[in-house]
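Examination of the molecular architecture
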Amino acid sequence: MTRSPDTDRKVVIVGGGPVGLFLACCLHRVSVSCTVLERDKQPHTHSRSIGVHPVSLELFAKLGFAKDFIEVGQPIEQGHAYIDDTYVGTVSFSSCPPPFGFILMLPQHVTEQILEQRLCGLDPLLMQRNAEVKQCVDWGDRVEVTYKDGSGVSGSVEADFVVGCDGIDSTIRQQAGIGVYGGPYADTYVMGDFADNTGRLTEADIYLHRDGLIESFPLPGRRRRWVVKTDVPIAKCSRNDVEGPVKQRIHHDLSNCENYMLSAFGVQQIITETFVKNRVLLAGDAAHIISPIGGQGMNLGWLDAWDLARALAQICSGSADHDTVLRGYNTRRIKAARKARRRAEFNMYLGRKPRYPMIRNAVVRVMLSRPLRGVMARVFTMRGLDTWPA
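Bear in mind that the values here come from a model prediction, so they are computed numbers and not experimental data. (Residues numbered from 1 in each chain as written. Predicted model: local features only at pLDDT ≥ 70, side-chain atom pairs only at ≥ 80, totals over all residues. Heavy atoms only, no water.)

Turning to the overall build of the protein, a few remarks are in order. Per the secondary structure count, the protein includes ten helices and 21 strands. Taking 2.2 N^0.38 as the reference for a compact globule, 390 residues should give roughly 21 Å; the C-alpha atoms of the protein span a radius of gyration of 21 Å, in line with that estimate. Along the longest, intermediate and shortest principal axes, the C-alpha atoms of the protein span 60 × 45 × 40 Å. Looking at the 390 residues of the protein, the share that counts as buried comes to 54%. Long-range pairs, those at least 24 residues apart, make up 73% of the contacts in the protein with a sequence separation of at least 6. Accessible area of the protein: about 17000 Å², with a carbon and sulfur share of 51%. Positive and negative side-chain charges in the protein, numbering 47 and 42 respectively, have mean positions lying 5 Å apart. (Helix = DSSP H or I, 4+ residues; strand = E, 2+ residues; numbered from the N terminus. Rg over C-alpha atoms; globule rule 2.2 N^0.38 Å. Buried < 20%, exposed > 50% of the residue type's maximum accessible area, 1.4 Å probe, protein only. Contact = heavy atoms within 4.5 Å. Areas by Shrake-Rupley, 256 points an atom, 1.4 Å probe, with all protein chains shown as cover. Lys, Arg positive; Asp, Glu negative; His and termini not counted. Charge placed at Lys NZ, Arg CZ, Asp CG, Glu CD.)

So, on to the pattern of salt bridges. Considering all chains together, one arrives at 20 salt bridges under this definition. In this structure, lysine 134 and glutamate 132 form a salt bridge, with 3.7 Å as the shortest nitrogen-oxygen distance. Take lysine 134: its relative accessible area is 42%, and that puts it in the partly exposed class. A single salt-bridge network, built from bridges that share partners, covers Asp196, Arg200, Glu203, Asp205 and Arg224. (Salt bridge = Lys/Arg side-chain N within 4 Å of Asp/Glu carboxyl O.)

Moving on, we get to the sheet that holds strand β20 (residues 280-282). In space, the six strands of this open sheet follow the order β9-β3-β2-β13-β20-β19, with mixed pairing throughout. Of all the strands in the sheet, the pair left with one neighbour each is β9 (127-128) and β19 (276-277). Pairing analysis gives two bridges linking strand β3 (residues 34-37) to β9, with the strands arranged parallel. Considered in β9, the bridge of leucine 37 is made with glutamine 128. Contacts from helix α7 (residues 297-317) reach β2 (11-14), β13 (161-164) and β20, with the element oriented near 175 degrees to β13. (Pairing = 2+ DSSP bridges. Axes fitted to C-alpha atoms, helices over the stretch in contact; angles between N-to-C directions.)

For the rest of this paragraph, the subject is the packing of helix α8 (residues 322-351) against helix α9 (residues 357-367). Packed helices, taken two at a time, are described by the angle their axes make and the gap between the axes. Following both chains from N to C, one finds α8 and α9 inclined at 125 degrees, their axes separated by 10 Å at the closest point. Classified by the angle their axes make, α8 and α9 are oblique. Crossing handedness for the pair α8 and α9: left-handed. Across the interface between the two elements, Phe346, Tyr349 and Leu350 from α8 touch Arg360, Val363, Val364 and Met367 from α9. Split into classes, the residues belonging to the contact of α8 with α9 amount to six nonpolar, no polar and one charged. (Parallel < 35°, antiparallel > 145°, perpendicular 65-115°, else oblique. Left-handed = near helix turned anticlockwise from the far one by under 90°. Nonpolar A, V, L, I, M, F, W, Y, C, P; charged D, E, K, R; others polar.)

Another aspect to go through is the sheet that holds strand β4 (residues 51-52). In space, the three strands of this open sheet follow the order β4-β8-β5, with antiparallel pairing throughout. Each edge of the open sheet is held by one strand with a lone partner, namely β4 and β5 (74-76). Of the pairings in the sheet, the one linking β5 to strand β8 (residues 103-105) comprises three bridges and is antiparallel in character. Pairing of glutamine 74 across the sheet is with methionine 105, part of β8.

As a further point, take the confidence of the model for the protein. Averaged over the protein, the pLDDT score is 93; the fraction of residues at 70 or greater is 97%. In this model, residues 1-6 is a region of pLDDT below 50 whose contacts with residues beyond four sequence positions or in other chains number 18 contacts. (pLDDT = per-residue confidence, 0-100.)

Turning our eyes to something else, we now look at the pairing of β2. Alternating positions in β2 separate into two faces, Val11 and Ile13 on one and Val12 and Val14 on the other, with burial throughout. Bridge analysis of β2 against β3 gives four bridges, and the strand direction is parallel. By the bridge assignment, valine 11 is partnered in β3 with cysteine 34. Read from β2 through helix α1 (residues 18-29) to β3, the crossover connection turns out right-handed. Across four bridges, β2 lies against β13 in parallel orientation. Residue isoleucine 13 lies in a different strand from β13, and its bridge partner there is valine 163. (Right-handed = clockwise from strand over helix to strand, strands pointing away.)

Quick look at the structure:
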């Protein structure tokens, strides 16, 4: 076994996705040494999450790289809502606090590229790819993480804390014995990215149709993502699984548009019983999974990371008690995750086939009335989830 040269690091981050990368950037900002261990040898090229909310852009701006995202992303300045195919109202994000009066659309692999480039620019040795974690041992006064590289060579690194940012099947969470609450919803969807033939590059559309939700979001490069609620799970998504319902429900034709991605997915919700167990900490998908309808999940992980970096900075500087600070982090993030889950569940409820359409439609019209549009803009942009001590 070889020992990592980073044995003096304060924090080991397991998982080099968007949350782990951002956490490392945050820790570097507050002078807390860290190492990121990422299992994959190469970055992913999938699209997955696409929404970067203003609360996240504000944090990126504090680290000096919000402009990196804005230069390549596609802003959504307003969203239009329809019942069936009848227009009922618009939510404008220009009412949000400046300077980010929009939601930025950007494929997740581009987001990860930007964050990894920024992290490597700070210190090229902060992240180690091709390092699959095999074991995490909490010795009480420190943690030891053992991993293997792609050649099968073992290494280990010791630190004051380990942070699991390693996703829904988190090795760190499982080895720490942290349980989860939740499970799958019955809701299923298909989605596809197509060339944009709507002519509206900064506007999103939400159709609350009697046969199920349709969402439409602009992407960079004059592309557009379409999300369609389905009645049953679809094992292998085809163009027709997206094009057919879009044509049938809202009379929009995608047949002549180039297609770039297709996917079928179900949704679930999971929140761990704790984000903190001794010297094992959790953030992002390792701690919570919520429905992607509303685009909150990745951003919620970034809010975790910012909060946790502040907490670890206090602990490592000796300015605050270990248990008290981490207890506060745990309480705040569980509360935020539960609130985000409720918002996502409400979004899904609106997109289902309504049992009582008159009631559902009346609620939507009230939500989009002039007195409440500003409130809805704040809710849709995740205000109220970015809370931590001054």
